[in-house]
Amino acid sequence: MALPFFISHITPLTFFYFLLLYSSSASASPPTAVTDLNITSILASFQNLTSFSSLLSSTSVASDLTRRQDPITLLAVPNPYLSLPPSSDLTRRLPPTSLGDVLRYHILLQYFSWTDLLKIPPSGVLVTTLLQTTGRAPANFGAVNITRNPLTNAITIQSPTPYSDSNATVLSLIKTLPYNITILAVNSLLVPYDFNLMASETRPPPGLNITRALIDGHNFNVAAALLSASGVVDEFEADEGGAGITLFVPTDGA
């Protein structure tokens, strides 16, 4: 009996007001989140970042970012600074897998607006990078320490260990897409502490190792395990004979 009593005391004007509120709330759509991050397309409109964008594409880093949905801050090196030592030395002598890890060190797994950067304390903040998630960085060497000079507001980024001599200064804010990505220009490539720059120059040329190639691809671990367990990978490597081989391999998601 309570419900009919309640309805009978709603005036036509009140009922119309409730109906209007319901229609407005039902038609309002929530903000759409960015599901695919095409970093190459974003950087395409900045002519001074073409070389850095090319490095992201030539490694697997660009595709890594496409699959991520968490907010990030990208530290991009403009063309003039990328052609100067030590950045130019790194891009020339590192193999794609090692260069890819250097580039992952420039992807902070946290969104920083310019206002956020100006609030960083002089003591600095420790921020995880995409490199840390690969498991190839020992301890917290896959993180960076961001500090701010309270007098000049200069923002410096470097390895968290005091023994590292690799650092970069933020030059400017390139672009921001709240609250998904911020792109900052920095004046040098950063090198993670304890990163073996000479490994690619001192080790002998390796033979064909399909399993290692798949693991280094970061998205073919299941296929690598199946090929290794079945013994098929040994047959492929034995029959290759230096002529090269092409494999069509499903990704982990597939």
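Located above this text is the structure these notes cover.
To keep things clear, this report deals only with the structure shown in the data block. Position numbers for residues start from 1 in each chain and track the written sequence from start to end. Residues qualify for local features only when their pLDDT is at least 70, as the model is predicted, and side-chain atom pairs are given and counted only at 80 or more; totals for whole chains, interfaces and linings, by contrast, use all residues. Calculation of side-chain values draws on the structure's entire complement of heavy atoms; hydrogens and water are dropped beforehand.

Points about the overall build of the protein chain
Thinking step 1. Strands are runs of DSSP state E lasting at least two residues, helices are runs of H or I lasting at least four, and both sets are numbered from the N terminus onward. Helices and strands together make up the secondary structure of the protein chain, namely 13 helices and seven strands.
Thinking step 2. Any residue under 20% of the maximum accessible area for its type is buried, any over 50% is exposed, and the rest in between are partly exposed; the area is computed with a 1.4 Å probe on protein chains only. Within the span of the protein chain, comprising 254 residues, buried residues form 34% of the whole.
Thinking step 3. Residue contacts follow a heavy-atom distance rule, with two residues in contact if any of their heavy atoms lie within 4.5 Å. Counting only contacts in the protein chain whose residues sit at least 6 apart along the sequence, the fraction spanning at least 24 positions is 62%.
Thinking step 4. Every accessible area reported is derived by Shrake-Rupley at a probe size of 1.4 Å, with residue values counting cover from the shown protein chains alone. Carbon together with sulfur atoms contributes 60% to the accessible area of the protein chain, which is approximately 14,800 Å² in total.

Some details on the packing of aromatic side chains
Thinking step 1. Side-chain rings of Phe, Tyr and Trp, where Trp is taken by its six-membered ring, are said to pair if the distance between their centres is within 6.5 Å; with planes under 30 degrees apart they count as stacked, over 60 as edge-to-face, and otherwise as tilted. According to the stated counting rule, one finds two aromatic pairs in the structure shown.
Thinking step 2. The interplanar angle of 75° and the centroid separation of 5.5 Å between the aromatic rings of Tyr111 and Tyr179 together place this pair among those described as edge-to-face. Linking Tyr111 in the loop between strand 2 (107–108) and helix 9 (114–118) with Tyr179 in the loop between strand 6 (167–177) and strand 7 (181–186), this pair joins segments that are 68 residues apart in sequence.
Thinking step 3. Relative to Tyr193, the ring of Phe141 lies with its centre 5.0 Å away and its plane at 80°, an arrangement referred to as edge-to-face. Of the two residues, Phe141 is situated in the loop between strand 3 (125–128) and strand 4 (143–148) and Tyr193 in the loop between strand 7 and helix 10 (199–202); the sequence distance between them amounts to 52 residues.
Thinking step 4. A relative accessible area of 17% means that Phe141 is categorised as buried.
Thinking step 5. For Tyr193, a relative accessible area of 28% translates into the label partly exposed.

Details of the pairing of strand 5 (residues 155–158)
Thinking step 1. Burial along strand 5 is one-sided: the residues Ile155 and Ile157 are buried and none of Thr156 and Gln158 is.
Thinking step 2. Pairing of strand 4 with strand 5 involves four bridges; the strand directions are antiparallel. Its bridge partner lying in strand 5, Ile146 is registered against Ile157.
Thinking step 3. Paired strands are those between which DSSP finds at least two bridges. Taking the residues between adjacent antiparallel strands as the criterion, strand 4 and strand 5 are bridged by six residues, where Asn153 takes a positive phi near 65°.
Thinking step 4. With three bridges connecting them, strand 5 and strand 6 associate as antiparallel partners. Note on strand 6: the bridge partner recorded for Thr156 is Thr169.

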